[in-house]
Amino acid sequence: MANVITAGSDALQMHPLFNDEEARFLEQVQAFVEHEVLPNTRAWEEAMAFPDEIWARMGDLNLLNMAVPREFGGPGYSCMTYVEACRMLAHGDPALSMNVAAVNALAVGHLVYFASDEQRDKYLVPCMTGRLKMAWALTEPDAGSDARRVQTRATAIEGEEGWYHLNGQKMFITNGGNADLLIVIARTGEKELSAFLMERDQPGYQNLQRIPTVGVRASNTVRFDLVNARAWHTPSSFEEAIGLLYRGRLGIAAMAVGIAEKAHACALEYGQQREQFNRKLVDMQSVQNMLADNATELEAARLLLHKGAAMFDRGENVVKISSMAKLFASETANRVTNRAVQIHGGRGMTHDYLPEKLWRDAKLTEIGEGCSEIQRMVIAKQELRG
């Protein structure tokens, strides 16, 4: 577990467009991962929770407001910087990387782009600093990949402009059990959906159920009911709100690349130490083939990820490339972690070695923020449009 791939120098050589501030930030993220995240990843998984103080710590590091423009009090880092930070975090703890990716792209991102001035004035700074923890609540028992099946209803509160009562159920909500403030997608009409700001600390938020998961166990994923929960409408359409997923998918792609990089590093290290039949594992052709496949697929996944981030920073359409990056990176993470377990043999199935955890954590990247099947649908639709 001691080895961590240092991403800083390679990333800076490939992408000289990082400014000095972004470069210093990424160096701080790398140090944070090495000294404060990786040493605790097993403990966090066993506790099924992150320590409360981690949020303020990440706020201090600008990990919760990476892409917030300077005019709103953020550092205004590029999408390239955002994906590099998520990738580095995944070397230390994939669940933390997933939460940071979602908070930045979906939750804080929604406040920046779609909240009113009054809403931003109340919530944005506390959320950026980690004093208010956030989650984005779309998925329901009958609405996952088919987001338009959302049944949570929003009913206007008479005499309180902009305020609604929400009734429905949400599940598989990343960081939902920690969140003080949720962005909730709800139905305002037969065909209309929109987004609402909802504080969790209220009588309308009920029946919290922690959902244990196979991987990314430290993330507090929950299911909850809303019964006349008070929520503040944000002036955005469903199409606008759901558009935040494109940057979010790049964040999950970065998480997948980081998982795969760490698993590959573990496989290399173990293969160089372990001997069988009087030679090291890395001297065996079968193991070399696995390492070669890992290296090739990782290079391709990184290139797709960086292309997507560069296109986003140039203001180009990233619908197709973000789906491509997430699809390929997530399936690469699945294959690379599987090979890492295989190279470790029986030890790879034990908690004494990291690959089994990375193997479990990697599966989420093929499901969250649009499963692989949805990504292929998106890519095909874009291709058919010409």
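Placed above this text is the structure.
Residues numbered from 1 in each chain as written. Predicted model: local features only at pLDDT ≥ 70, side-chain atom pairs only at ≥ 80, totals over all residues. Heavy atoms only, no water.

Novice: Hey, could you run me through the overall build of the protein in this one?
Specialist: Check the secondary structure of the protein and you find 13 helices and nine strands. Its C-alpha atoms give the protein a radius of gyration of 21 Å, within 12% of the compact-globule value 21 Å for 386 residues. Overall size of the protein, expressed as C-alpha extent along the three principal axes, is 80 × 45 × 40 Å. Within the protein, residue pairs in contact and separated by at least 24 positions form 73% of the contacts whose partners lie at least 6 positions apart. Carbon and sulfur atoms make up 50% of the accessible area of the protein, which amounts to about 16,400 Å² in all. A gap of 5 Å separates the mean positions of the 40 positive and 49 negative side-chain charges of the protein. (Helix = DSSP H or I, 4+ residues; strand = E, 2+ residues; numbered from the N terminus. Rg over C-alpha atoms; globule rule 2.2 N^0.38 Å. Contact = heavy atoms within 4.5 Å. Areas by Shrake-Rupley, 256 points an atom, 1.4 Å probe, with all protein chains shown as cover. Lys, Arg positive; Asp, Glu negative; His and termini not counted. Charge placed at Lys NZ, Arg CZ, Asp CG, Glu CD.)

Novice: Honestly, the packing of helix α6 (residues 94-114) against helix α9 (residues 245-273) in this entry has me stumped. Any pointers?
Specialist: When two helices pack together, their arrangement is given by the angle between the helix axes and by the axis-to-axis distance. Close contact between α6 and α9 brings their axes to 9 Å; oriented N to C, the two are set at 165°. Considering their axes alone, α6 and α9 lie roughly antiparallel with respect to each other. The handedness of the crossing between α6 and α9 comes out as right-handed. Note on element contacts: α9 touches α6 through Leu245, Arg247, Gly248, Gly251, Ile252, Met255 and Ile259, opposite Pro94, Ser97, Met98, Ala101, Ala105, Leu106 and Tyr113. (Axes fitted to C-alpha atoms, helices over the stretch in contact; angles between N-to-C directions. Parallel < 35°, antiparallel > 145°, perpendicular 65-115°, else oblique. Left-handed = near helix turned anticlockwise from the far one by under 90°.)

Novice: Honestly, the environment of Met255 in this entry has me stumped. Any pointers?
Specialist: Mapped onto the elements of the fold, Met255 is located in helix α9. When its relative accessible area of 0% is taken as the criterion, Met255 is described as buried. As for Met255 and Thr188, which are separated by 67 residues in sequence, their C-alpha atoms are 34 Å apart. (Buried < 20%, exposed > 50% of the residue type's maximum accessible area, 1.4 Å probe, protein only.)

Novice: Mind showing me how you'd approach the packing of helix α5 (residues 79-92) against α9 here?
Specialist: Interhelical geometry of α5 versus α9 gives an angle of 40° and a closest axis separation of 7 Å. The angle between α5 and α9 falls in the class oblique. Considering the relative orientation of α5 and α9, their crossing is right-handed. Between α5 and α9, the contacting residues are Cys79, Tyr82, Val83, Cys86, Arg87, Ala90 and His91 on the first element and Arg247, Gly248, Leu250, Gly251, Ala254, Met255, Val257, Gly258, Ile259, Glu261 and Lys262 on the second. Among the residues making up the contact of α5 with α9, the classes are represented as ten nonpolar, four polar and four charged. (Nonpolar A, V, L, I, M, F, W, Y, C, P; charged D, E, K, R; others polar.)

Novice: Can you walk me through the environment of Pro51 in this structure?
Specialist: Tracing the backbone shows Pro51 in the loop between α3 (41-47) and α4 (53-60). A relative accessible area of 22% places Pro51 in the partly exposed class. Separated by 331 residues in the primary sequence, Pro51 and Gln382 place their C-alpha atoms 42 Å from one another.

Novice: In this structure, what is going on with the nonpolar core? I would like to understand it.
Specialist: Nonpolar side chains in soluble globular proteins tend to be buried together. With 100 residues, the main nonpolar core has Phe32, Met58, Leu63, Val83 and Leu96 as its most contacted residues. Apart from the residues within four sequence positions on either side, Phe32 is in contact with Val37, Ile54, Arg57, Met58, Leu61, Leu63, Leu89 and Leu96. (Core = buried A, V, L, I, M, F, W, Y, C linked by side-chain atoms within 4.5 Å.)

Novice: Sorry, what's going on with the pattern of salt bridges here?
Specialist: Where side chains of opposite charge bring their charged atoms close, a pairing between them can arise. Counting across every chain of the model gives 25 salt bridges. For Glu297, the salt bridge goes to Arg339, with nearest N and O atoms at 3.0 Å. With Glu297 in helix α10 (residues 285-313) and Arg339 in helix α11 (residues 319-344), this pair connects stretches of sequence that are 42 residues apart. Owing to a relative accessible area of 15%, Glu297 belongs among the buried residues under this scheme. Judged by relative accessible area, which is 13%, Arg339 ranks as buried. Notably, a salt bridge pairs Lys357 with Asp361, separated by 2.7 Å at the nearest N-O pair. Taken together, the residues span about one helical turn, with Lys357 and Asp361 both in helix α12 (residues 355-365) at a distance of four residues. Taking relative accessible area as the criterion, Lys357 reaches 3% and is therefore assigned buried. Classification of Asp361 by relative accessible area gives buried; the value is 0%. (Salt bridge = Lys/Arg side-chain N within 4 Å of Asp/Glu carboxyl O.)

Novice: Help me understand the environment of Asp201 in this model?
Specialist: Residue position: Asp201 is located in the loop between β5 (193-199) and β6 (205-210). Classification of Asp201 by relative accessible area gives exposed; the value is 77%. Placed 156 residues apart in sequence, Asp201 and Glu45 show a C-alpha to C-alpha distance of 26 Å.

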